[in-house]
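Understanding the architecture of this molecule
Each chain, written out:
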Amino acid sequence: MPSSRRAILKHILSGLCTKMNRTKSVPTDVMETPLNRCLNTFDIALLGIGHMVGAGIYVLTGTVAKEMAGPGIILSFVLAGFISMLAALCYAEFGTRVPKAGSAYVYTYISMGEFWAFVIGWNILLEHMLGAASVARAWSGYVDSMLGGWIGNTTLELTGGIHEPGLAQYPDILAFLVCIVYAAALAGGVKATAVFNSLLTLVNIAVMVLVISVGFWYADTNNWSEAEGGFLPYGIGGVIAGAATCFYAFVGFDSIATSGEEAKNPSVSIPIATILSLFVVTVGYILVSAALTLMIPISEINPAASLPEAFGQLNLSWAKYLISIGALCGMTTTLLGSLFALPRCMYAMASDGLLFSCFGKVNSTTQVPLLNLVVSGVLSACLALVFDLAKLVEFMSIGTLLAYTIVSASVIILRYRPMERIHTTIRVPALPGSPDDDDDDDEEVASQSSMDTSSPTSEMIEEVLAGRLKSQFRCLEPLLGRFEPGSVVSVAVMLFIFLSFAICVELKVSWTQLYTGTWWALIIYGFIIFAASTCVAVMAVHNQNTRGLVFKVPLVPFVPALGIFCNILLMVHLDAVTWVRFFVWVCIGMVVYFLYGIRNSKEGEVCSSYSILMTTSEAGKVPWGSFKGTASTGKAKSCGKHSIFERFTGRSKADDKKSIVEESENETSGYS
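Cut-offs used in this document
Residues numbered from 1 in each chain as written. Predicted model: local features only at pLDDT ≥ 70, side-chain atom pairs only at ≥ 80, totals over all residues. Heavy atoms only, no water. UniProt positions renumbered as here; feature names shortened; annotations may be inferred. Helix = DSSP H or I, 4+ residues; strand = E, 2+ residues; numbered from the N terminus. Buried < 20%, exposed > 50% of the residue type's maximum accessible area, 1.4 Å probe, protein only. Contact = heavy atoms within 4.5 Å. Areas by Shrake-Rupley, 256 points an atom, 1.4 Å probe, with all protein chains shown as cover. Phe/Tyr/Trp six-rings, centres within 6.5 Å; stacked < 30°, edge-to-face > 60°. Arc of directions from axis to C-beta. Salt bridge = Lys/Arg side-chain N within 4 Å of Asp/Glu carboxyl O.

An unreviewed UniProt entry annotates the chain as Cationic amino acid transporter 4 originating from Drosophila kikkawai. As stated in UniProt under Subcellular location (unreviewed entry), the record for the chain gives "Membrane".

What follows is the structure, encoded as structure tokens:
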């Protein structure tokens, strides 16, 4: 009996790695969805702009300018915008590959496996909850400042305040109600939400143009003079610290990718809307921060309401009230963006079986996941009720940066993975009757399909060679050429992430030794940089697979690798308490995943847990739990026979004895 228990335990442990690493297979018709595909490029772009332009420009601008960077806030926004653009390019490419709700969660599921997808999805849920709660707190605080602090003082008199560390000074009833009201408004349907969001975003953009125009009209360059502290009163360190804070102002463009399942033509709309919205927001932030620091000295900036108070000091009371209206509109669109994305991420995870099935249901009338919306609104409202704005913003950053890191890594992995292992469509057609759909497009798709099935083409050759060494680097064949195509790049990406983390920690811990030229610090740092550079070089010597991509990230793997490093650099500089809270949240997610998600995953239907527990002979006799007889049984066998290393690298036992050169020649000759 004990031996039987050990055998069962051995089978369970051997199959656990397979379950955690299984990837999502995208259905052939990626346009099929119970959600309502009604959003055009303009709607999606305004959704992204509205999600970003809110508390960032009306709250963070004054705080960073006065306490961190001074007029150097301009450089802080440039740096934060550059880092965000690196991630946005990766999101745009994935949006053309997989036009599904779920954003980074779905992308990770397809490229890196189920476990990391759940980790990312779980943290995206937290990111949007904290985003909605933080904006609700900022919205309430802005209204309170306009009323002279009446709301806060009255609440303190009635409740006596909260005296627990880490919580807000008093329960914010207005922030709680704002979350509930806007969540209820989103239940009307995605098109009504898009129209409402577009109107508020246009008002917000008009107010930004007003601030920039009037601000530069009253600009005084003496406010950047040495008498006022100069352009960089806090030095380069202040600029970098300001960039880490300003990064929060760009959180929200990933909601564009979340709306991919409700876009009419996502392969075109997602990349255009992502890049356009981020460019507009970055330029707007730079010009507004320049106008603010030129209007008044940084010593006179009011962090709580910087823009209205700045115009008030110039005796422009009319502009002060217009800016307050624009601020409320901007924060409203940001709140709507978070509450829009959160239910759809829950829906994507529940549809895959990783969250409770009740969250995978869509209302037939409004075509909105109503239960998800109710839960999202209530949880966000509770967070806004008791937590302080600063704590919410700080906690939200780590989950966002982790998601950006994994998405950048996923772009590299999929670029070097053969097409047959991606299981995705080449081109996403437009919906019938949409502006993007016409007869010429249909003829183009038909001709493209006929071309793909005929004689060998450059695309077919690219598909065959994807993930294999380039011809000019065949000298590395004995070292790197005997693994399954794409597996070497996957390992190199993992090592690069680890080494980037080591570089950033070394910079933070041993900066003094590096600056003074201590020999041991230079040797360690030099070795780590050399190893990380080698990983990127290993990625670059392989052939890519860009077949069917409407939008492509330029300079892969260098641009995504730079994005990974920048994101990790910002993560390392977060407070230690934030990391502790993050790991607590992840541990809660692990309980959900291992008790529910791993058992109910839809991808587990291909390789059932029961067939893993059975021996090879038993699995062959009784394919119980499989859906397709012997085919499922064969897959179940493979799940139990491969080692952990083989599952990670994708290397098989028998076929890997054959040279990649021989495989390439055989596959190429098969087309002739």
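Next comes the rest of the description.
**Things to note about the overall build of the chain**
Within the chain one finds 29 helices and zero strands. Each of the 672 residues in the chain was classed as buried or not, and the buried ones make up 55%. The long-range share in the chain, meaning contacts at least 24 apart out of those at least 6 apart in sequence, stands at 83%. Of the roughly 28,400 Å² that the chain leaves accessible, carbon and sulfur atoms contribute 67%.

**A few points about the packing of aromatic side chains**
Per the counting criterion, the structure on display carries 17 aromatic pairs. Pairing phenylalanine 118 with tryptophan 122 gives two aromatic rings, centres 5.8 Å apart and planes at 15°, and the pair type is stacked. Here phenylalanine 118 and its partner tryptophan 122 are both found in helix α6 (residues 114-146), four residues apart, which amounts to about one turn of the helix. According to the relative accessible area criterion, phenylalanine 118 is buried, its value standing at 0%.

**Looking at helix α7 (residues 150-159)**
Looking only at α7, the buried set comprises Ile151, Gly152 and Thr155. In a view along the axis of α7, the buried residues occupy a sector of 95°, so they form one face of it. Opposite the buried face of α7, by more than 90 degrees, sit the exposed residues Trp150 and Glu157. Next to the buried residues of α7 lie α6 and α8 (173-186). One or two positions beyond α7, positive phi appears at glycine 160, with a value near 85°.

**Some details on the pattern of salt bridges**
Considering all chains together, one arrives at five salt bridges under this definition. A salt bridge links arginine 22 to glutamate 114; the nearest nitrogen and oxygen atoms lie 2.9 Å apart. With arginine 22 in the loop between α1 (2-21) and α2 (41-52) and glutamate 114 in helix α6, the pair connects residues that are 92 residues apart, well separated along the chain. Relative accessible area serves as the criterion here: at 13%, arginine 22 is assigned to the buried category. A residue is classified by how much of its surface remains accessible, and glutamate 114, at 0% relative accessible area, is buried. The shortest N-O distance in the salt bridge between arginine 137 and aspartate 172 comes to 3.7 Å. Taken as a pair, arginine 137 in helix α6 and aspartate 172 in the loop between α7 and α8 lie far apart in primary sequence, 35 residues in all. The exposure classification of arginine 137 matches that of aspartate 172, with both residues buried.

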